[in-house]
Amino acid sequence: MNFFYKFITNLRNAFSTTNNSLNFRAKLFACMILVLKEPKNEIYLILKQLCKEIYSKKIRQEMLYYTTLQYINMNKNDPLAVDKLLKDLSKNYLKIPKYRAKLNFVRLEKMVLKKNIKENESEIEDYGQIRVIEFIKKEII
C-alpha cells in the first residue's frame, strides 16, 4: 500500500507545477524534522498523527506524509536546506493569502521533541525546532 502512495506523490510532484497547501504544510513539517541532528522514530509517529489531524481522507493523509518525507530525503545532505525551505515558505506565504490559515503553531509545537528528566519534568531536546517556530512567527508572518 505504501508503494501506491509514494507513486501518487511522485506523480503529483512531477506534473504539478503549482504550489498548494499540501506542499506548504509538507515544507513546514520538513523544516521541523531537518533541523534535528538525528531524527528519532518518534518524530515520524508525530508527523503521521498530525497528518491524520489535518486531513480526514486517508489518501490526503498519506500524500502529506510522503511529500514531507520526500522533502526530507531531497534535502537531508544540504546544510542550507532549512534556510532554503523557510525562504520558499516565506515567498509563498506572501504570494498566496490562503496560506495564513495553514500555519498552525499548536501543531508545529507538537513536533518539538522533549525528553523526560524526572517524573513530571521535561526538557526540550533540540532548540533548533524552537528557533524554526520563532523564525516563522517573527519573519514570515
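Scoring rules and cut-offs
- Residues numbered from 1 in each chain as written.
- Predicted model: local features only at pLDDT ≥ 70, side-chain atom pairs only at ≥ 80, totals over all residues.
- Heavy atoms only, no water.
- 1 Å grid on protein atoms, 1.4 Å probe; cavity = no way out; pocket = protein on both sides within 12 Å on 5 of 7 lines; lining within 4 Å.
- Points joined across faces, edges and corners; volume = space filled by probe spheres on them.
- Helix = DSSP H or I, 4+ residues; strand = E, 2+ residues; numbered from the N terminus.
- Nonpolar A, V, L, I, M, F, W, Y, C, P; charged D, E, K, R; others polar.
- Expected span 1.5 Å × (residues − 1).
- Buried < 20%, exposed > 50% of the residue type's maximum accessible area, 1.4 Å probe, protein only.
- Salt bridge = Lys/Arg side-chain N within 4 Å of Asp/Glu carboxyl O.
- Phe/Tyr/Trp six-rings, centres within 6.5 Å; stacked < 30°, edge-to-face > 60°.
- Core = buried A, V, L, I, M, F, W, Y, C linked by side-chain atoms within 4.5 Å.
- Contact = heavy atoms within 4.5 Å.

Participant: Hey, could you run me through the layout of surface pockets in this one?
Facilitator: Gaps between atoms show up when a probe of the same size as a water molecule is rolled over them. Roughly 190 Å³ of volume is contained in the largest pocket. If you go around the largest pocket, you meet 13 residues; those closest to its centre are Val-35, Pro-79, Ala-81, Val-82 and Asp-83. Counting only elements with at least two residues in the lining of the largest pocket, the list comes to helix 5 (81-95) and helix 7 (127-140). The element contributing the most residues to the lining of the largest pocket is helix 5, with four residues. Residues of the lining of the largest pocket, tallied by class, amount to eight nonpolar, two polar and three charged.

Participant: Just to check I follow, could you spell out helix 4 (residues 58-75) for this structure?
Facilitator: For an α-helix the count is 3.6 residues per turn, leaving residues at separations of three or four pointing the same way. Helix length check: helix 4 (18 residues) gives 26 Å between terminal C-alpha atoms against 26 Å at 1.5 Å per residue, within 8%. With 13 of 18 residues buried, helix 4 is to be regarded as a mostly interior element.

Participant: Explain the pattern of salt bridges to me, please; I cannot follow it from the model alone.
Facilitator: Opposite charge on two side chains makes pairing possible when the charged atoms of those side chains draw close. The final tally for this structure, using the stated rule, is seven salt bridges. With its nearest N and O atoms 2.1 Å apart, the salt bridge here joins Lys-27 to Asp-88. Residue Lys-27 is located in helix 2 (residues 21-34), and its partner Asp-88 is located in helix 5; the two are separated by 61 residues in the primary sequence. Across the pair Lys-48 and Glu-62 runs a salt bridge whose closest N-O atoms are separated by 3.1 Å. Here the residue Lys-48 occupies a position in helix 3 (residues 41-54), and Glu-62 occupies one in helix 4, the gap between them amounting to 14 residues. On the basis of relative accessibility, which here comes to 27%, the residue Lys-48 falls in the partly exposed class. The structure contains a network of salt bridges with shared partners spanning Lys-48, Lys-58 and Glu-62.

Participant: How should the packing of aromatic side chains be read in this particular structure?
Facilitator: The way to describe two aromatic rings as a pair is by their centre distance and the angle between their planes. Inspection of every chain in the model, using the stated rule, returns two aromatic pairs. Relative to Tyr-99, the ring of Phe-24 lies with its centre 4.6 Å away and its plane at 20 degrees, an arrangement referred to as stacked. Taken as a pair, Phe-24 in helix 2 and Tyr-99 in the loop between helix 5 and helix 6 (105-110) lie far apart in primary sequence, 75 residues in all. Using a relative accessible area of 2% as the deciding quantity, one classes Phe-24 as buried. Taking 5.3 Å as the distance between ring centres and 80 degrees as the angle between the ring planes, the aromatic pair formed by Tyr-65 and Tyr-66 counts as edge-to-face.

Participant: Quick question: what am I supposed to make of the nonpolar core here?
Facilitator: Soluble globular proteins tend to bury their nonpolar side chains together. Grouped together as the largest cluster of nonpolar side chains are 42 residues, with contacts concentrated most on Phe-29, Leu-64, Leu-86, Leu-108, Met-111 and Ile-136. Counting only elements with at least two residues in this core, the list comes to helix 2, helix 3, helix 4, helix 5, helix 6 and helix 7. Take this core: its biggest share by element is 10 residues, from helix 2. Excluding residues within four positions of it along the chain, Leu-86 makes contact with Cys-31, Val-132, Phe-135, Ile-136 and Ile-140.

Participant: Hey, could you run me through empty space enclosed by the protein in this one?
Facilitator: Evaluation of the coordinates by the stated rule reveals two cavities of 30 Å³ or more. Of the pockets and cavities examined, the largest cavity occupies roughly 60 Å³. Along its surface, the largest cavity is lined by Arg-25, Leu-28, Phe-29, Ile-54, Lys-102, Asn-104, Arg-107 and Leu-108. Class assignment of the residues belonging to the lining of the largest cavity gives a composition of four nonpolar, one polar and three charged. As a volume, the second largest cavity reaches approximately 40 Å³. Taken together, the elements giving at least two residues each to the lining of the second largest cavity come down to helix 3 and helix 4. Ranked by the residues each element gives to the lining of the second largest cavity, the list is headed by helix 4, at four residues. Classifying every residue of the lining of the second largest cavity by side-chain character gives two nonpolar, one polar and four charged.

The quantities given are spatial measurements derived from coordinates; they are silent on function.
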